[in-house]
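So you can see what is in the structure, the chains are spelled out below.
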Amino acid sequence: MAQILPRDLPAAGSVNTSSAIIIDDGSGVKKATPAQLVSSGFPVASQAEAEAGVVSDKAMTPQRVSQAIDALGVSQAVLASSSGGEMVGVKRSEPSTVSATAKTLFEQTVSARDWGVSGLSTSSDIAKLQAAVDEAPLGSTLLLPGGVIFSDGLSITRHINIRGENGATILGVGTNPAINLVDVRIAPGETLEGSSNSMLFTNFRAEVALGYTAKSTLNVESQSGVDAAQLNYSFIGGRIAGRDDQAEAALRIAGMTSQMHTFQGMDIVNGVLLDGCADACRLIGNNIGGLRTGIKVNVVAGAFNTLIRDNVITSTNGAIHIIGGSRVIILNNQIEQIGTNGHPDEAHIILEALTYSLRDIEIAGNNFGGGALEHSIVMKTSGGRTIEGVKVGTNTWGKTTDEDMMIADSGVKHTYLAAVQNFRGDRGGGGFTVYPAYSSNTLDVNDLLTVNDGGVGTRRVRNNAQALGGSSSTALQNSWTCAASMYAQIIDDEVRFSGYADGPSSAQNAVQIATLPAGMRPQVEEIFELPGYDVGTGARVAALCQVQTDGDIIMTRASSTNSVRIGLAPLRFVAARTGYDPGY
């Protein structure tokens, strides 16, 4: 018989399920089907094993794969979508069960080039950039290529970070003045589960091209109950530039739940508007210029801790305008305003209670320079609103044509002015005090800084005889006079007098000699015994002084041979905080 080897047999065209294969199981020679061999060598996983995903030596049938996917809660529609950010279930509303490995996927950097964005000033980049923003994985960093990327309105509704390569600029080529060039408005379900809703934009540059328009260049907004709450973004480096004729400022931050945004080290042209946003927005170390108001603050009632610090502001139409806010801190800014503004009150900083009352505004460490404006600071109210607790610390004051600080009406209450101020060398002439050469005793605010407080009793501002109801700085009321150096002021809520008053020789029975401004009056009537002497004989003379709650200062004393001089230094009492409203 001829010997036939298996390898010499012809190849089978197909294998029938009933085909027989010879096997040797150690006890004898037997036959087996192909299915028996596969099942024995590589068995199919059970449903429980497929869902657990921990067995590596068993086969997965289509049914087992489907069961494993269903166990993860990912639908077939999601698997078929083009959005990588949806592949691991980040849109689920229940508490996150995403594994650490899956979360690592969100920390990756992806390039807009992967979506075809060229940065070569082509119109095709408009749709490609929007697709990149829409499809980048949630939480990832989207890298913008260097160059100019055209856009007619980019909408960012998902939680991603953006970083621009050197020179990467989104250039607005839109023609609709109602559309923002870049609109950041995160929708519900589009944030990374378990995150703090923080987003980082690094070296982000956006500006509107010449001949085109937009509502705002960059609009950052959230609205409570409509989209994601408690958002906070950080923009570090870059440029936001708008056109002079845009409907809104170049940078607009809005929405009642929009808070804790930081803009640092940026070049901002044509204004910042805090428009109804919430707590703790920070503008730090930016260069802010253009024709519009540099920074306009109108945060929601009850919002605190807006910080404006270490900026250089060269805006023509006013540097800082606050119309609503509490605990706004204006600290260490260089304010080189380059021209007069369009506001009726020309000033570097305008505090104007328009939308609601202002509380606890701090202005310190700033340098007021640049154009010859009417004032450096103006405070005014309307509609029964008030401005309370403004603290003007030590600043450096430049040249103004009128008073350095103007308090326009009695709605401004309890302003504090630091005792020491600094002054630039260009002061001289005009409607302000001309100061002598610098020496150790020329930094007294009352000798250098001119303040018109409308009689509201600004802390540390000296009120002379004319401010106390007299006809001049040396003439009190009812034939009483004084030296020009006599004054009354408030220090730490205490009214203090310095100097003396000269009265006639005739007896004085309850004669009014002065009237205190509203902010310097006592809570209850105060009575003092004041020392004095006859200016002709030197004989001791005493006077009884009443300070009434309506501000009248009443003097009573016996007659004397000559006119008398009465010391006013013992007049010290706590000023009533009349009309103070700690709420809104």
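Small disclaimer: the values here were computed from a predicted structure and weren't measured.

1. Description of the overall build of the protein
Okay, step 1: When helices and strands are tallied, the protein shows seven helices and 47 strands.
Okay, step 2: Counting over 584 residues, the protein shows a buried share of 47%.
Okay, step 3: Counted over contacts in the protein with a minimum sequence separation of 6, partners at least 24 positions apart contribute 65%.

2. Details of the packing of aromatic side chains
Okay, step 1: Within this structure, the stated rule accounts for seven aromatic pairs.
Okay, step 2: With 5.5 Å between their ring centres and 85 degrees between their planes, phenylalanine 201 and phenylalanine 204 make a pair best called edge-to-face.
Okay, step 3: Overall, the relative accessible area of 0% leaves phenylalanine 201 in the buried class.
Okay, step 4: Centre to centre, the rings of phenylalanine 235 and phenylalanine 263 are 4.9 Å apart; their planes meet at 10 degrees, and the pair counts as stacked. A residue pair is termed long-range when its members are at least 10 positions apart, and phenylalanine 235 in strand S12 (residues 232–241) and phenylalanine 263 in strand S14 (residues 262–264) qualify at 28 residues. Both residues of the pair, phenylalanine 235 and phenylalanine 263, count as buried.
Okay, step 5: Taken together, the aromatic side chains of Phe201, Phe204, Tyr233, Phe235 and Phe263 make up a single cluster linked through ring pairs.
Okay, step 6: Between arginine 462 and the ring centre of tyrosine 487, over which it is positioned, the NZ or CZ distance is 4.3 Å.

3. Observations concerning the sheet that holds strand S45 (residues 552–557)
Okay, step 1: Spatially, the seven strands line up as an open sheet ordered S38-S41-S46-S43-S44-S45-S42, and their pairing is antiparallel. At either margin of the open sheet sits one strand with a lone partner, and together these are strand S38 (481–482) and strand S42 (508–515).
Okay, step 2: Bridging between strand S44 (residues 540–547) and S45 involves four bridges; their strand directions are antiparallel. Looking at the pairing, valine 547 lines up with isoleucine 553 of S45.

4. Here's the deal with the nonpolar core
Okay, step 1: Leu142, Ile320, Leu351 and Met379 are the most contacted members of the largest nonpolar core, which totals 77 residues.
Okay, step 2: When residues in this core are grouped by element, the largest group, five residues, is from strand S10 (residues 198–208).
Okay, step 3: With near-sequence residues (within four places) excluded, leucine 351 lies in contact with Ile322, Leu358, Ile361, Ile363, Val378, Met379, Lys380, Ile387 and Val390.
Okay, step 4: Residues Leu530, Ile553, Val564 and Leu571 belong to the second largest nonpolar core, which totals 30 residues.

5. Comments concerning the confidence of the model for the protein
Okay, step 1: Confidence along the protein averages 82 in pLDDT terms, with 82% of residues attaining 70 or more.
Okay, step 2: Predicted confidence for residues 427–445 stays below pLDDT 50, and this span has 45 contacts to residues more than four positions away or in other chains.

6. A short note on the sheet that holds strand S47 (residues 572–574)
Okay, step 1: Spatially, the three strands line up as an open sheet ordered S39-S40-S47, and their pairing is antiparallel. The outermost strands of the open sheet, each flanked by one partner alone, are strand S39 (487–491) and S47. On average, each strand axis in the sheet is tilted by 25 degrees relative to the strand beside it, whichever way the strands run.

7. A few points about the pairing of strand S29 (residues 375–381)
Okay, step 1: When you tally the buried positions in S29, you get six out of seven residues, the bulk of the element.
Okay, step 2: With three bridges joining them, S29 and strand S33 (residues 405–407) adopt parallel strand pairing. Considered in S33, the bridge of isoleucine 377 is made with methionine 405.

8. Looking at the environment of threonine 17
Okay, step 1: Locating threonine 17 in the fold gives a position in the segment before strand S1 (21–24).
Okay, step 2: Classification of threonine 17 as exposed rests on a relative accessible area of 70%.
Okay, step 3: Sequence separation between threonine 17 and alanine 35 is 18 residues, and the spatial gap between their C-alpha atoms is 7.0 Å.
Okay, step 4: Residue contacts for threonine 17: discarding those within four places in its chain leaves Thr33 and Pro34.

9. Brief notes about empty space enclosed by the protein
Okay, step 1: If you walk through the whole model with that rule in mind, you get one cavity of 30 Å³ or more.
Okay, step 2: The space that makes up the largest cavity amounts to roughly 50 Å³.
Okay, step 3: Lining the largest cavity, in full, are Leu468, Leu476, Met486, Phe497, Ile513, Ala514, Ile553, Leu568 and Leu571.
Okay, step 4: Across the lining of the largest cavity, the residue classes break down as nine nonpolar, no polar and no charged.

10. Structural notes on the environment of serine 382
Okay, step 1: Locating serine 382 in the fold gives a position in the loop between S29 and strand S30 (387–388).
Okay, step 2: Serine 382 sits in the partly exposed class, given a relative accessible area of 31%.
Okay, step 3: On a C-alpha basis, the gap between serine 382 and serine 357 in space is 9.3 Å, while along the polypeptide they are 25 residues apart.
Okay, step 4: Contacts of serine 382, omitting those with residues within four sequence positions, involve Ala353 and Leu354.

Scoring rules and cut-offs
Counting restarts for each chain, with residues numbered from 1 along the sequence as it is written. In keeping with the predicted nature of the model, local features appear solely for residues at pLDDT of at least 70, side-chain atom pairs appear and are counted solely at 80 or more, and the whole-chain, interface and lining totals rest on all residues. To obtain the side-chain values, all non-hydrogen atoms of the structure were used and water was disregarded. Working definition: helices are DSSP H or I runs of at least four residues, strands are E runs of at least two. Numbering for both runs from the N terminus. Only protein chains enter the area calculation, which uses a 1.4 Å probe; residues under 20% of their type maximum are buried, those over 50% are exposed, and those in between are partly exposed. Contacts: residue pairs with any heavy atoms within 4.5 Å of one another. Only centres within 6.5 Å qualify two rings of Phe, Tyr or Trp (six-membered ring in Trp) as a pair; their planes then separate them into stacked at under 30 degrees, edge-to-face at over 60, and tilted for everything else. The criterion for a charge sitting over a ring is simple: Lys NZ or Arg CZ within 6 Å of the ring centre, and within 35 degrees of the ring normal. Think of it this way: DSSP has to see at least two bridges between two strands before they count as a pair. Nonpolar cores are built from buried Ala, Val, Leu, Ile, Met, Phe, Trp, Tyr and Cys residues. Side-chain atoms within 4.5 Å join them into one set. Confidence of the predictor at the level of single residues is given by pLDDT, which spans 0 to 100. Under this scheme, a helix contributes an axis fitted over its contacting stretch, all axes are lines through C-alpha atoms, and angles between N-to-C directions fall in the 0 to 180 degree range. Detection works on a 1 Å grid of protein atoms alone, calling trapped sets that fit a 1.4 Å probe cavities and calling open sets with protein on both sides within 12 Å along at least five of seven lines pockets, with lining residues defined by an atom within 4 Å of a point. Grid points are joined across faces, edges and corners, and a volume is the space filled by probe spheres set on the points. Lys, Arg, Asp and Glu make up the charged group, whereas Ala, Val, Leu, Ile, Met, Phe, Trp, Tyr, Cys and Pro make up the nonpolar group; the residues left over, Gly among them, are polar.

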